[in-house]
Amino acid sequence: MIKHTETQLVSFEDCGFARDPEIPVIGEIVRICCRTDKDEKPRLIVTEGNLETEYEGQKVDDCHMAFQIGPFTESQLIRYRFRSADEETETYEMNVVTEERYTRPQSIVKEEDGISIWIARDICCRIKCGRELLISFSQQISALTENDERSEYVSESGIRIRSDAECMCRISINDAILALKMVTVWRNCTGKIVRIRQEYCSGQTYVIGTGERFDAVDQQGKHTNGNVTEHFTHQGDQTYLPVPFFMTEQGWGCLCDSAVPVSIDFADGSIVMTRETEETTLAEDRILFGSVKEQLKQYSDLTGSPVLPPEWAFGVWISGNGWNDDAEVDQQLQSVKHYHYPAS
């Protein structure tokens, strides 16, 4: 039986039958692996437009094979499948994408409650002031011709948003400055943006948050991939409870309001956020202000307050990382009853 997945099963280990990279850029080599029965030697059938090419793979070990394709010279949709003497798999799809980087706005429009920054003809960054600062990126065609590179917006709370020659935009929050330095997007062959990255310069020294962490309280200089990962002990930077929310010592924090995992890097006073995109809204981030207590209150108001668990949940509890089947659990339950152990 041939087994293949387009993405790795977990972020900390190579499963041996995935594709790497998942979304290749023009010019990248792609490694496609599969798992097979011991004596099976499948071939890889790759379709580019109307052209079908058959590839021979290399044995990695008795049960795994690897195929190398590319590099591709243009953005396109690639289809591929595996075929052996006894089996042919389903067809998988892979988008070869273009990478575009932007450091200067094309057009700036001052709004009643903020600023719209047109990064490209179809990419808009909307910064809206309210109780919190909403920074949203969307893919839409611009019909605006107004442009004022000196546009500046000052909110009632004193937040100042402006664009200058050094960055895409600069947000002044009390004594802190959050500058959007670069936006990178990846487009498929239809022009749709499938991934976006925002690079901010903030000069922060400490970062707390991003969910339950096992490596450090201060996440400065560290990375979170935003994925839920079940890793038995020695978790490192992996966690089964990631939260796309963090706070800095500068009196501001950020909630990445996203339904998909957000990868965040904190290093050298910069913050880099990367995420896959789904619809025309590419990214939405909410900048919160105030003390840690005030930011947590804002976060709770946005996401909802936790519900108090039932009373029995606060009782004595037992656990064991070595319970591997129902029989072992049943045995523990019988022992609890036999010895009248007050566990929940």
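The rules we used
- Residues numbered from 1 in each chain as written.
- Predicted model: local features only at pLDDT ≥ 70, side-chain atom pairs only at ≥ 80, totals over all residues.
- Heavy atoms only, no water.
- Helix = DSSP H or I, 4+ residues; strand = E, 2+ residues; numbered from the N terminus.
- Expected span 1.5 Å × (residues − 1).
- Polar contact = N/O pair within 3.5 Å; in protein donor to acceptor, adjacent residues only side chain to side chain.
- Phe/Tyr/Trp six-rings, centres within 6.5 Å; stacked < 30°, edge-to-face > 60°.
- Buried < 20%, exposed > 50% of the residue type's maximum accessible area, 1.4 Å probe, protein only.
- Lys NZ or Arg CZ within 6 Å of the ring centre and 35° of its normal.

> Explain unusual backbone geometry residue by residue, including any values.
The peptide bond linking Asp-20 to Pro-21 adopts the cis configuration, its omega dihedral lying at 0°. For Pro-21, the location among the structural elements is in the loop between strand E1 (19-20) and strand E2 (30-35). Note the cis peptide between Gly-70 and Pro-71, where omega equals 0°. On the secondary structure map, Pro-71 appears in the loop between strand E6 (64-69) and strand E7 (76-83). You will see that Asp-268, though not glycine, has its phi angle at about 50°, which is positive. Assignment of secondary structure puts Asp-268 in the loop between strand E23 (262-267) and strand E24 (270-276).

> Would you mind going over helix H2 (residues 326-338) in detail, with residue names and values included?
Between its first and last C-alpha atoms H2 spans 18 Å; for 13 residues at 1.5 Å apiece the expected length is 18 Å, and the two agree. Two or three places before Ala-327, at the start of H2, stands the capping residue Asp-325, its side-chain oxygen 3.2 Å from that residue's backbone nitrogen.

> Tell me about the packing of aromatic side chains, and please be specific about residues and values.
This structure, assessed with the given rule, holds eight aromatic pairs. Judged by centre distance (5.9 Å) and plane angle (55°), the rings of Phe-67 and Phe-82 are tilted. Within this pair, whereas Phe-67 is found in strand E6, its partner Phe-82 is found in strand E7, the two being separated by 15 residues in sequence. Take Phe-67 and Phe-82: they sit in the same class, and that class is buried. With a centroid separation of 5.5 Å and an interplanar angle of 25°, the aromatic rings of Tyr-80 and Tyr-92 are classed as stacked. One end of the pair, Tyr-80, is in strand E7; the other, Tyr-92, is in strand E8 (residues 92-96), with 12 residues separating them in the sequence. You'll find Tyr-80 and Tyr-92 in the same group, each marked buried. One aromatic cluster is present, formed by Phe-67, Tyr-80, Phe-82 and Tyr-92 through successive ring pairs. A cation over an aromatic ring shows up here: Arg-195 above the ring of Trp-186, its NZ or CZ 5.4 Å from the ring centre.

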